[in-house]
Amino acid sequence: MTHDLIVLGAGPAGANAAIVASQAGLKVALLDEQDGAGGQVWRQPLPGLTGLPVSAEARSGDALRAKISASKVDLRLSRRIWSVGGSFRVDALGPQGNETVEAPSLIAATGAHERVVPFPGWTLPGVIGLAAATVLIKSQGVTPGRKVVVAGCGPLLVTVAAGILKLGGEVAGIVDLAGRRDWLAALPSLATQPELLGRGLGWALKIGAARVPVYFSHAIRQAQGRHVLERIVIAPVGRDGAYASGSEITLETDALCIGHGLVPGAEVTKLLRAEHRFDRLRGGFVPMLDAYGRTTVERLFACGDGAGLRGAIIAEQAGRLAGLTAAHDAGAVPADRFAQIADPILAAISRARRFSDAMAGIMALRPAQVAAIAPETVICRCEDVTRGEIDAAHEAGAHDLNQLKHFTRCGMGPCQGRMCGDVAAELLASKVGSRERAGYWTGRPPLRPVPFDALMGAFDYSDIPIPEPAPL
């Protein structure tokens, strides 16, 4: 074993888990695919890029990166993890080629990826995800287009719109799946975190001052353009997300940033065959955990949005708790000391839960929105699989998600089902009765696409041992 503990993901959850475990005396390896720690929410700007607007997220990210630098954590950035084996062995492709890290314990803090419920034209150049837009804004200081529409649901709508305005860009409109009543109903729960609520209200005031039109209870009907995005058509929707009666509106735009919530990145816990359960509020299938972050696999822990969407506040605390528990289970923290540290963390998680649940509720996938997808709409953009082909596959005998993959190749492209899997499963669930019956993709390596020659290294055809021919 090269280490006592491996932590996958250097966002708020994983970085805090690694720091706490390291402080307890464990030798910790922290791996992340990005060039800097901080994850999506506290993403580090590109090296040498200065003059970006100062934000609370940037300050939190800088503080986290300083803590890691001051710790004994073995931080390994720019590592694309493509395989995780039991006991635990992690294979990652890094700047020096393939490398292997081994440890008896592992914490999966692999974050989440965005969900886009497809509509006609969503694959046009100029249509990007809300999370992708935050990458442009936070790490590169550029706007997604000259005249941008922001659409979907959840807090990223105001985050992205305010970020574009702060950079001097133009927002042509915000198209919110939720209605005013939904936000008013969530307000008492959001008020339990006054700092975050105040930050959101500040963004809303800037958006209002810029006279950005906000279309509540509306969704994208279609995106149009000859070769690239030129305009979008929006239409009213009901509280369930299905299109409702009312006039359509056309907005001229060259960029559409859209997202319908997030999906937990639970590929590692699925690959290691931990038990999972479906939780719509938490974003989909999530690993079953005890209160301290232990999965059903011994010495395997999970925390952060990859273990269920709860936001950055709970991710930080859950990461500390998972790191502490991993150290305790390894014998580095005695029971009385463990309880002394864990109890305040559990209390902090409990205090943040109401805010977290309110945000998750606004972002949760609406089955009626998925049911309204037109048959010709592409669901799997890697393999060009349409909703009509998914329906036909079910009629031909595909009754779970893995059978659907075999019938249609849905989920077999470079993204390996991360973009289409949740919506494809929802479509199948409407026919087989539940998401539990539809299931999820079986976890298999490689977890991420990796070039084969990079894994081969210096090994060549001439290195293959060929035995001498047997004598005649």
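Since this is a predicted model, take the numbers as computed values, not measurements. (Residues numbered from 1 in each chain as written. Predicted model: local features only at pLDDT ≥ 70, side-chain atom pairs only at ≥ 80, totals over all residues. Heavy atoms only, no water.)

Engineer: Sorry, what's going on with the overall build of the protein here?
Structural biologist: Within the protein, the regular secondary structure consists of 15 helices and 22 strands. The C-alpha radius of gyration computed for the protein amounts to 23 Å, which stays within 12% of the reference 23 Å derived for 472 residues, consistent with globular compactness. The principal-axis extent of the C-alpha atoms belonging to the protein is close to 75 × 70 × 45 Å. Looking at the protein as a whole, 51% of its 472 residues are labelled buried. Taking the contacts inside the protein whose residues are at least 6 apart along the sequence as the reference set, 66% of them involve residues at least 24 apart. Side chains of the protein carry 48 positive and 45 negative charges; the gap between the two charge centres is 6 Å. (Helix = DSSP H or I, 4+ residues; strand = E, 2+ residues; numbered from the N terminus. Rg over C-alpha atoms; globule rule 2.2 N^0.38 Å. Buried < 20%, exposed > 50% of the residue type's maximum accessible area, 1.4 Å probe, protein only. Contact = heavy atoms within 4.5 Å. Lys, Arg positive; Asp, Glu negative; His and termini not counted. Charge placed at Lys NZ, Arg CZ, Asp CG, Glu CD.)

Engineer: Please clarify how the packing of aromatic side chains should be interpreted in this entry.
Structural biologist: In this description, an aromatic ring pair is defined by two values, namely the gap between the centres and the angle between the planes. Applying the stated criterion across every chain, the model contains three aromatic pairs. Each residue in the set Phe278, Phe285 and Tyr440 is aromatic and connected to the rest through ring pairs, giving one cluster. Across the ring face of tyrosine 243, the terminal group of arginine 221 is positioned such that the distance to the ring centre comes to 4.0 Å. Here the guanidinium or amino end of arginine 381 rests over the ring plane of tryptophan 122, the centre of that ring lying 4.9 Å away. (Phe/Tyr/Trp six-rings, centres within 6.5 Å; stacked < 30°, edge-to-face > 60°. Lys NZ or Arg CZ within 6 Å of the ring centre and 35° of its normal.)

Engineer: Before we go on, may I ask you to explain the nonpolar core in this structure?
Structural biologist: One broad rule of soluble globular proteins: the nonpolar side chains tend to lie buried together. Leu5, Val7, Val28, Leu30, Ile68, Ile107 and Cys303 are the most contacted members of the largest nonpolar core, which totals 36 residues. Elements with a contribution of two residues or more to this core: strand E1 (5–8), helix H1 (12–23), strand E2 (28–31), helix H2 (56–70), helix H8 (311–329) and helix H9 (335–363). In terms of residues, this core owes the most to one element, H8, which gives eight residues. Among all residues touching valine 28, those that are not within four sequence positions of it are His3, Leu5, Val7, Ala18, Ala21, Ser22, Val73 and Asp74. One finds Val370, Ile373, Ala398 and Ala429 within the second-largest nonpolar core, a separate group that totals 23 residues. (Core = buried A, V, L, I, M, F, W, Y, C linked by side-chain atoms within 4.5 Å.)

Engineer: Please clarify how the domain arrangement of the protein should be interpreted in this entry.
Structural biologist: When the parts of a complex come together, some accessible area is lost, and that lost area is often taken as the interface size. Domain boundaries in the protein define domain 1 (5–113 + 263–361), domain 2 (118–259) and domain 3 (373–438). For domain 1 and domain 3, the distance between their C-alpha centres works out to 30 Å. With seven residues of domain 1 at the interface, the matching set in domain 3 holds five residues. Carbon and sulfur atoms supply 55% of the area buried between domain 1 and domain 3, which totals about 580 Å² over both sides. Together, His113, Phe278 and Phe285 form the three largest contributors to the area buried by domain 1 at its contact with domain 3, with a combined 58%. With a closest N to O distance of 3.8 Å, arginine 418 and glutamate 267 form a salt bridge. Counting every contact that joins domain 1 to domain 3 gives two residue pairs in polar contact (both at pLDDT 80 or more). When grouped by side-chain class, the residues that make up the side of domain 1 that touches domain 3 number three nonpolar, two polar and two charged. (Domains from an automatic or database assignment. Buried area = accessible area lost by both parts, 1.4 Å probe. Salt bridge = Lys/Arg side-chain N within 4 Å of Asp/Glu carboxyl O. Polar contact = N/O pair within 3.5 Å; in protein donor to acceptor, adjacent residues only side chain to side chain. Nonpolar A, V, L, I, M, F, W, Y, C, P; charged D, E, K, R; others polar.)

Engineer: What am I meant to see in the UniProt feature "domain: FAD/NAD(P)-binding" (unreviewed entry) in the protein here?
Structural biologist: Taking the numbering used here, the UniProt-annotated feature "domain: FAD/NAD(P)-binding" (unreviewed entry) corresponds to residues 4–318. Segment residues 4–318 splits into 28% helix and 30% strand. End C-alpha atoms: 20 Å apart. (UniProt positions renumbered as here; feature names shortened; annotations may be inferred.)

Engineer: How should the pattern of salt bridges be read in this particular structure?
Structural biologist: Pairing between side chains of opposite charge can happen when their charged atoms approach one another. Tallying each qualifying case throughout the model produces 27 salt bridges. Arginine 76 serves as the salt-bridge partner of glutamate 99, at 3.2 Å between the closest nitrogen and oxygen. Taken together, the residues span a long stretch of sequence, with glutamate 99 in strand E6 (residues 97–102) and arginine 76 in strand E3 (residues 74–76) at a distance of 23 residues. The burial state of glutamate 99 is the same as that of arginine 76; both residues are buried. Two residues, arginine 221 and glutamate 248, come together in a salt bridge whose shortest N-O distance is 3.4 Å. Of this pair, arginine 221 sits in strand E13 (residues 218–224) while glutamate 248 is found in the loop between strand E14 (231–236) and strand E15 (249–252), placing the two residues 27 residues apart along the sequence.

Engineer: Whenever I open this one, the side chain of asparagine 16 confuses me. Can you help?
Structural biologist: With respect to the helices and strands, asparagine 16 occurs in helix H1. Taking relative accessible area as the criterion, asparagine 16 reaches 4% and is therefore assigned buried. Ignoring anything within four residues of it in the chain, the contact list for asparagine 16 reads Gly11, Leu64, Glu316, Gly319 and Arg320.

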